[in-house]
Amino acid sequence: MVGILYHPFSKNQENVSPSPERRWISRSPEETFRLAADLARELPRGAVLALHGELGAGKTAFVQGLARALGIDRPVSSPTFTLINEYPGPIPLYHIDLYRIRDSADALGLGLDEYLHGNGITAIEWAERIADLLPPDALHVRLQPGEEMNERLISVSGGRPS
Ligand SMILES: Nc1ncnc2c1ncn2[C@@H]1O[C@H](COP(=O)(O)OP(=O)(O)O)[C@@H](O)[C@H]1O
Ligand SMILES: [Mg+2]
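Residues numbered from 1 in each chain as written. Chains lettered and ligands numbered in written order. Predicted model: local features only at pLDDT ≥ 70, side-chain atom pairs only at ≥ 80, totals over all residues.

**Student:** An account of the overall build of the protein is needed here, citing residue identities and associated values.
**Tutor:** Of the regular secondary structure elements, the protein holds four helices and eight strands. Reading the protein from its N end, one meets helices and strands in the order β-β-α-β-α-β-β-α-α-β-β-β. The buried share among the 162 residues of the protein stands at 31%. Restricting the contact set of the protein to residue pairs at least 6 apart, pairs at least 24 apart contribute 65%. (Helix = DSSP H or I, 4+ residues; strand = E, 2+ residues; numbered from the N terminus. Buried ≥ 20, exposed ≤ 12 C-beta atoms within 10 Å, placed from the backbone. Contact = placed C-beta atoms within 7 Å.)

**Student:** Go over the site of ligand 1, please, and point to the residues and values.
**Tutor:** Around ligand 1 sit 18 residues, and of these Thr32, Gly58, Lys59, Thr60 and Ala61 come closest. When contributions to the shell around ligand 1 are tallied by element, the ones reaching two or more residues are α1 (29-40) and α2 (59-69). When the residues that make up the shell around ligand 1 are grouped by side-chain class, the tally is four nonpolar, nine polar and five charged. (Near = placed C-beta within 6 Å. Nonpolar A, V, L, I, M, F, W, Y, C, P; charged D, E, K, R; others polar.)

**Student:** I'd like a description of the nonpolar core, backed by residues and values.
**Tutor:** Counting residues in each nonpolar core, the largest one holds 38 residues, and the members touching the most others are Leu49, Ala50, Leu66, Ile124 and Val141. Listing elements by their share of this core, those giving two or more residues are α1, β3 (48-52), α2, β5 (93-97), α4 (112-116), β6 (121-125), β7 (139-145) and β8 (152-158). When residues in this core are grouped by element, the largest group, six residues, is from α2. With near-sequence residues (within four places) excluded, Ile124 lies in contact with Val48, Leu49, Ala50, Leu51, Ile96 and Leu98. (Core = buried A, V, L, I, M, F, W, Y, C linked by C-beta atoms within 7 Å.)

**Student:** So, α2: which residues are in play, and what are the values?
**Tutor:** Taking burial as the measure, the eleven residues of α2 include nine buried ones, the bulk of the element. For α2, the full list of buried residues reads Lys59, Ala61, Phe62, Val63, Gln64, Gly65, Leu66, Ala67 and Ala69. On the buried face of α2, the contacting elements are α1, β3, β4 (84-87), β5, β6 and β7. A positive phi of about 75° marks Gly71, the residue just after α2.

**Student:** I'd love a proper account of the packing of α1 against α2, names of residues and values included.
**Tutor:** Here α1 crosses α2 at 50°, and the two axes come no closer than 7 Å. One element, α1, and the other, α2, form an angle in the oblique class. For the pair α1 and α2, the sense of crossing is right-handed. Contacts from Pro29, Thr32, Phe33, Arg34, Leu35, Ala36, Ala37 and Ala40 of α1 reach α2 at Ala61, Phe62, Gln64, Gly65, Leu66, Arg68 and Ala69. (Axes fitted to C-alpha atoms, helices over the stretch in contact; angles between N-to-C directions. Parallel < 35°, antiparallel > 145°, perpendicular 65-115°, else oblique. Left-handed = near helix turned anticlockwise from the far one by under 90°.)

**Student:** How would you summarise the environment of His117 if you had to cite specific residues and measurements?
**Tutor:** Here His117 is to be found in the loop between α4 and β6. Given 11 C-beta atoms within a 10 Å radius, His117 is considered exposed.

Structure, rendered in C-alpha cells:
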C-alpha cells in the first residue's frame, strides 16, 4: 500500500477550500502508478497537473499511472524530444515535458493554450518553467527522493475548490 502521511484521498474532503496539501511516501514505481491512478479518478476534465521534481524523480512514472486510470493502453514514455504527446481516449491525456524549454517566452509556438484550457487531462513536467501561464487552479504534484533508493516523497496541492 501507499504510505499515507497526511490527508488521504477521501470522498469526505469536499467543500474544503483552499485544498489542503496531501503527502505520501511511495516505495516503488508501482506505488507511484497507483497513487497517480487514484488521483486521476478524482480529476475533472480540463484539469492541469504541474509536475515538479528533478530528473529521475518519477514525474513520467506518475503520468504513466494517470494513463492507466484513463484506460490508455499505449505505452507512455517521456516526451523529452517531442515535448508533447497526445493520448486520445474518452478523456484524452496530454503529456508535456518542458525540460528543453527555459521559460514561457521560449514556449510560445508550442500551442500550449489549447492544452492548458482544453477538455482533457494535461500533465506537465518541469511546469515551473511556465509558471506564469499555468491556470490558477492547476494541481501541483511535487516528487522528491526519499531516504531509500526507491522512496519518493510525493505531495499534491492546489486544484479546483470543490
Ligand atoms: N517510488 C518510485 N516512484 C517512481 N519512480 C521510481 C520509484 N522508485 C524508483 N523509481 C525509478 O525512478 C525513475 C523515475 O524516472 P522518471 O519517471 O522518468 O523520472 P522523471 O520523469 O521525473 O525524470 C524510474 O527509473 C523508476 O523506475
Ligand atoms: Mg520525465
